[in-house]
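So the chains spell out like this:
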Amino acid sequence: MKKLILSMALLGVFVLFSAQEAHSQLAGALAGKVGKGKGGKGGGGGSFTAFNDETDAMGVTGEYFGLSDGKAYGLRFVKEEGGKMVNKIHYFEKKGDEPQLKLDLKENYYTKHQVKLFYFWISASASGYVELVEVDPGVIAQIKSDRSYNDGPVGLDATRTVVDVYAKDKASFDTWDVETAQAKVDMLIGSLKAEESEKIKKNLMKFESYGGYVGKIAFAKGTNYLRNQRENEPVEKVANFITKAELGSTVAYKPYFEMPLEVSHPGAWFNITYEMLGETTDREVLRKTSSVFSENIPQIDKDKGIFYFLFPRVTVDNSSNSADYAFLELLRKNQEKLKVGDVYDLKVTIWAYKDGANIDPVASGTIQLEYTKEATGTKKLLFDPVDGWVSKLEKVLD
Amino acid sequence: MERKTTIAKASVILLFFLVFSAARAQESQNTILNGFESGNYTVYKLGEKGKFEKVGKPWPVVITKQGGNVSEVLVKRSGILDEPFTPDVPGYPAYFAFKDLRLSFLNDYGVYYEWNGKQEATTKYVLVKEGGNFNLDPGAINKLVAAYATATFKNQTSARDNVKAEKAELAEAERKANSLEEKAVAKIEIQLTSQPAKVAHFSEAIKYGVVATLKDGSTLKTPNLGGKIPWEDFELAHKGCSNTIDEVRVDVDASSLTDDVVLLQITSVYHPSLKASLAINTTNDVSVQVSQNGFWGNERHQHMTVFQGVDGQHAGNGDDLVIKVQAVRHKKTGASLNKIEIYNTTKAKTVAHYKLTPDTPLIVNAKGGQGMNGSKGRQSETAGGNGGNGGSGGSVTIIKDPSVASFNITINNQGGKGGNGGPPYYNTGIKGNDGNPGADGYTDTKIASVNLNF
């Protein structure tokens, strides 16, 4: 038994060692530099000055120096390999003919916007992603990301963090520090994003829901009619949209924006106002009026980067027993005016909100709400002394 | 002792800055920037150790003024990247914004920071003007700039009002240019954006716009027809459908469709004698499903107070229903229709009034709910929890008027399944009993005279 345990332990050590050895060929290369800092191991120390005598169509090839360790590295752009066009960058940190990494060029970023972005997946995890972006002729930023494997470079909405800078001329480090390289990368990605937003919008317009309701809010009798699992694929059926409902029943709604909020109003988040019978309630205003509202009306700061709310909002949702307190407050204010059999227009507006003020409306819609005649309808839903929505609110506010 | 003296000195300096800053909180960036010029600024950046470090190379800053107001602060980051910052509120800015970054000038430096929804600042850089001074730590400068920004937001009221007024003025000019107000209008017409294939309960929206012909022969249109007439120019009085702009949907209650048409009616607000209407015949051919099922055992707590042990809860019964059907003719087309009323006798309320063609399917569900599964047994017991019983299906009576030649109604009122018995605590124990299934509901069709008044 002891022999078996000993054998297993030795085998485990061997497997571990072998795995590390296999990985170290790459880990010792560029990926190993991530977070290593000065004085870390990882090879280098060679000279690649001969690379400076080579020319390529990209103007990338040459000897580079790392900002973090000052060591020399070689980069070579390879357009063709074995008669095939490959458009790769070969990365060297050791002398020899074989590069330690071969990174792919994201070709359409270059052909459309002259952004030179090269990437390589060492493993499928976020830490196994390496990206190089040219921020200035002869200056390249090394980037890590927060995303796991993707077919191609990580998406434009991923977080790209500059971890090191390489320059052909060490004097470039006077200006190109990590923060400045990060700012330039953000600018480059921003320009790609702007184009992608237009492309996404063009595709979104093909969807019946987005195309027919851009700038508007669509309503439905449940969140399930409006929910999407994927960004930029609003497959909900407009046949399920409603323009009239029983007051107090479940009404879900979803806004469709002309542009994502972070594009149209950087630094802003969403606010919602409800208007009916001349009264208006405002989520952001209400939040500051009482601890009840402060607790139950959180900021809407998600979905700023997309063209609609991924998960719809509700005025009231009787199936999940949830409601928007701002909508309930509107009903509370209006309760003396509500009459059985009448129909009321409810206007919902989504705003871009910043610095304590609504800046611009980004979507709005109106639905008619009918005070139904049956005692089991509106009156029970809103004013039942135990379960009525308005009654519940009154209990905590009055 | 020496440390205490240092802390005391730092506190005095911070207090001085806070007091000085509080005094400056009354001032907008326009006023503060009177003391600043374009030029090279010494930069301190937040280093990895959480302290400010002086950047080797100064950054050029270009301050552009228009009529006493600063219209842009261009920061040339490291002298190589252009970052144009613009005022948040022209006339009384608290900061200059570039993407989601902000820049506010205080004392004799500019603070370049991020701002979050909790009114907190995170300083990234400090840009000190020539001859200026800066010696605060990150925490102090964050507090200082946040105090300045929030105080200045409060003083922006009149500037914000001006911006709002300017926006409103532009909007009003746009509205007036496109409105029918003070224009000589010959007629207004309702135009459908496309002809609806089906006009019935639950059919898709009918989308419409308005075309106004002016006396000079030119036309104006509402936005959905490619024009800009504001919808506020019209009063709506639609019948048999929702009374909303752009699109309407046929009422679900047939009692409001008295003439078997959806009637769109608009009146010009500025020319009340100008009216337009459009009647669209209903087609009554969209299939409808009505559910009056019993609740499931695991939802029982939503309906009554229950004690939850290891046994599953019993489900609710489907509701008892009376469905009355009467044949009529479409008032405009003469087509055969069935009037259908569904009355829920369990809840004593009318569930639906429909008008459907004889072929259009109506599916009515009054199934019993499914019993809740039993839970794992307790340590002290040999068996698992019993499953709850399924609910019985509701009894449905269809009363068919002799006038009815045919209808297409499907009744689903089966009893619900019983819940599964739960496993025992020990493997040696026994599983709990499965719940009994609910009995199927009774369905009866009678022929009797029916008079439905809708």
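On a predicted model such as this, the values are computed, not experimentally measured, just so you know. (Residues numbered from 1 in each chain as written. Chains lettered and ligands numbered in written order. Predicted model: local features only at pLDDT ≥ 70, side-chain atom pairs only at ≥ 80, totals over all residues. Heavy atoms only, no water.)

### Section: the overall build of chain B
Thought 1: Helix and strand content of chain B: 4 helices and 24 strands.
Thought 2: A compact globule built from 454 residues should have a C-alpha radius of gyration of about 22 Å, whereas chain B, at 37 Å, is more than 25% larger.
Thought 3: Once the C-alpha set of chain B is aligned to its principal axes, its extents read approximately 100 × 90 × 35 Å.
Thought 4: Going through the 454 residues of chain B one by one, you find that 46% of them count as buried.
Thought 5: The contacts of chain B with a sequence gap of at least 6 include a subset with a gap of at least 24, amounting to 61%.
Thought 6: Working note: accessible area of chain B is about 22900 Å², and carbon and sulfur atoms make up 50% of it.
Thought 7: When the 50 basic and 46 acidic side-chain charges of chain B are each reduced to a single mean position, those positions are 4 Å apart. (Helix = DSSP H or I, 4+ residues; strand = E, 2+ residues; numbered from the N terminus. Rg over C-alpha atoms; globule rule 2.2 N^0.38 Å. Buried < 20%, exposed > 50% of the residue type's maximum accessible area, 1.4 Å probe, protein only. Contact = heavy atoms within 4.5 Å. Areas by Shrake-Rupley, 256 points an atom, 1.4 Å probe, with all protein chains shown as cover. Lys, Arg positive; Asp, Glu negative; His and termini not counted. Charge placed at Lys NZ, Arg CZ, Asp CG, Glu CD.)

### Things to note about the overall build of chain A
Thought 1: For chain A, the count of helices and strands is 11 helices and 18 strands.
Thought 2: Counting all 398 residues of chain A, 48% fall into the buried class.
Thought 3: With the model as given, the accessible surface of chain A reaches about 18900 Å², and the carbon-plus-sulfur share is 53%.

### Some points on the sheet that holds strand S2 (residues 72-81) of chain A
Residues and elements named next belong to chain A.
Thought 1: Strand order in the closed barrel formed by 8 strands is S1-S2-S3-S4-S5-S6-S7-S8, with antiparallel pairing between adjacent strands. Sheet twist, expressed as the average angle between the axes of neighbouring strands with direction ignored, equals 35°.
Thought 2: Both strand S5 (residues 117-121) and strand S6 (residues 129-136) contribute to a ladder of 5 bridges, which runs antiparallel. Looking at the pairing, Tyr119 lines up with Glu131 of S6.
Thought 3: Sheet strands touched by helix H4 (residues 178-204): S5, S6, strand S7 (139-145) and strand S8 (160-167). Its angle to S8, the strand with the most contacts, is close to 115°. (Pairing = 2+ DSSP bridges. Axes fitted to C-alpha atoms, helices over the stretch in contact; angles between N-to-C directions.)

### Considering the interface of chain A and chain B
Thought 1: Residue-level contacts link 34 residues of chain A with 33 residues of chain B.
Thought 2: Where chain A abuts chain B, roughly 2700 Å² becomes buried across the two surfaces, and 49% of that area is made up of carbon and sulfur atoms.
Thought 3: Together, Met187(A), Thr243(A) and Asp355(A) form the three largest contributors to the area buried by chain A at its contact with chain B, with a combined 23%.
Thought 4: Our count for the contact surface shared by chain A and chain B stands at 6 salt bridges. (Buried area = accessible area lost by both parts, 1.4 Å probe. Salt bridge = Lys/Arg side-chain N within 4 Å of Asp/Glu carboxyl O.)

### Focus: the UniProt feature "coiled-coil region" (unreviewed entry) in chain B
Thought 1: In the numbering used here, UniProt assigns the "coiled-coil region" (unreviewed entry) feature to residues 156-190 of chain B.
Thought 2: Across residues 156-190 of chain B, the secondary structure splits into 63% helix and 17% strand, with the terminal C-alpha atoms separated by 45 Å. (UniProt positions renumbered as here; feature names shortened; annotations may be inferred.)

### Considerations on the nonpolar core
All names here are of chain B.
Thought 1: Among the nonpolar cores identified, the biggest contains 43 residues, and Val73, Phe85, Phe105 and Tyr109 are the most heavily contacted of them.
Thought 2: Only strand S1 (39-46), strand S3 (59-66), strand S4 (69-77), strand S6 (96-98), strand S7 (101-106), strand S8 (109-115), strand S9 (121-128) and helix H3 (138-154) provide two or more residues apiece to this core.
Thought 3: Looking at this core, the element that brings in the most residues is H3, giving 8 residues.
Thought 4: For Phe85, the contacting residues outside a window of four places in its chain are Ser71, Glu72, Val73, Val75, Phe96, Ala97, Phe98, Leu101, Arg102, Leu103 and Tyr112. (Core = buried A, V, L, I, M, F, W, Y, C linked by side-chain atoms within 4.5 Å.)

### Quick notes on the pairing of S4(B)
All names here are of chain B.
Thought 1: Pairing analysis gives 6 bridges linking S3 to S4, with the strands arranged antiparallel. Paired with Gln66 across the strands is Asn69, a residue of S4.
Thought 2: With antiparallel pairing between neighbouring strands as the criterion, S3 and S4 make up a hairpin whose turn holds 2 residues, including Gly67 at a positive phi of roughly 55°.
Thought 3: Pairing geometry for S4 and strand S5 (residues 81-87), over 5 bridges, is antiparallel. By the bridge assignment, Val75 is partnered in S5 with Glu83.

### A word on the packing of aromatic side chains
Residue and element names in this part refer to chain A.
Thought 1: This structure, assessed with the given rule, holds 36 aromatic pairs over all chains.
Thought 2: Ring centres of Trp121 and Tyr129 lie 4.5 Å apart, and the angle between their planes is 45°; this geometry places the pair in the tilted category. Like Tyr129, Trp121 is buried.
Thought 3: Put simply, the rings of Tyr210, Tyr213, Phe241, Tyr256, Phe307 and Tyr308 touch in pairs and so form one group of aromatic residues. (Phe/Tyr/Trp six-rings, centres within 6.5 Å; stacked < 30°, edge-to-face > 60°.)

### Quick look at H3(B)
Thought 1: Relative to the 24 Å expected for 17 residues at 1.5 Å per residue, H3(B) spans 25 Å between its end C-alpha atoms, a close match to the ideal helical length.
Thought 2: Of all the positions in H3(B), only Pro138(B), Ala140(B), Ile141(B), Asn142(B), Leu144(B), Val145(B), Ala146(B), Tyr148(B), Ala149(B), Thr152(B) and Phe153(B) are classed as buried. (Expected span 1.5 Å × (residues − 1).)

### Quick notes on the packing of helix H9 (residues 325-334) of chain A against helix H11 (residues 389-397) of chain A
Residues and elements named next belong to chain A.
Thought 1: Taken N-terminus to C-terminus, the directions of H9 and H11 make an angle of 90°; their axes are 9 Å apart at the nearest point. As judged from the angle between their axes, H9 and H11 are roughly perpendicular. Counted together, Tyr325, Leu328, Glu329, Leu331 and Arg332 of H9 and Trp389, Val390, Leu393, Glu394 and Leu397 of H11 form the full contact between these two elements.
Thought 2: A class-by-class count of the residues in the contact of H9 with H11 yields 7 nonpolar, no polar and 3 charged. (Parallel < 35°, antiparallel > 145°, perpendicular 65-115°, else oblique. Nonpolar A, V, L, I, M, F, W, Y, C, P; charged D, E, K, R; others polar.)

### Quick notes on the pairing of S6(A)
Residue and element names in this part refer to chain A.
Thought 1: By the criterion of burial, S6 is predominantly enclosed, with 7 of the 8 residues buried.
Thought 2: Pairing of S6 with S7 involves 5 bridges; the strand directions are antiparallel. Residue Asp136 lies in a different strand from S7, and its bridge partner there is Val139.
Thought 3: The hairpin turn running from S6 into S7, its antiparallel successor, is 2 residues long, and Gly138 in that turn takes a positive phi close to 80°.

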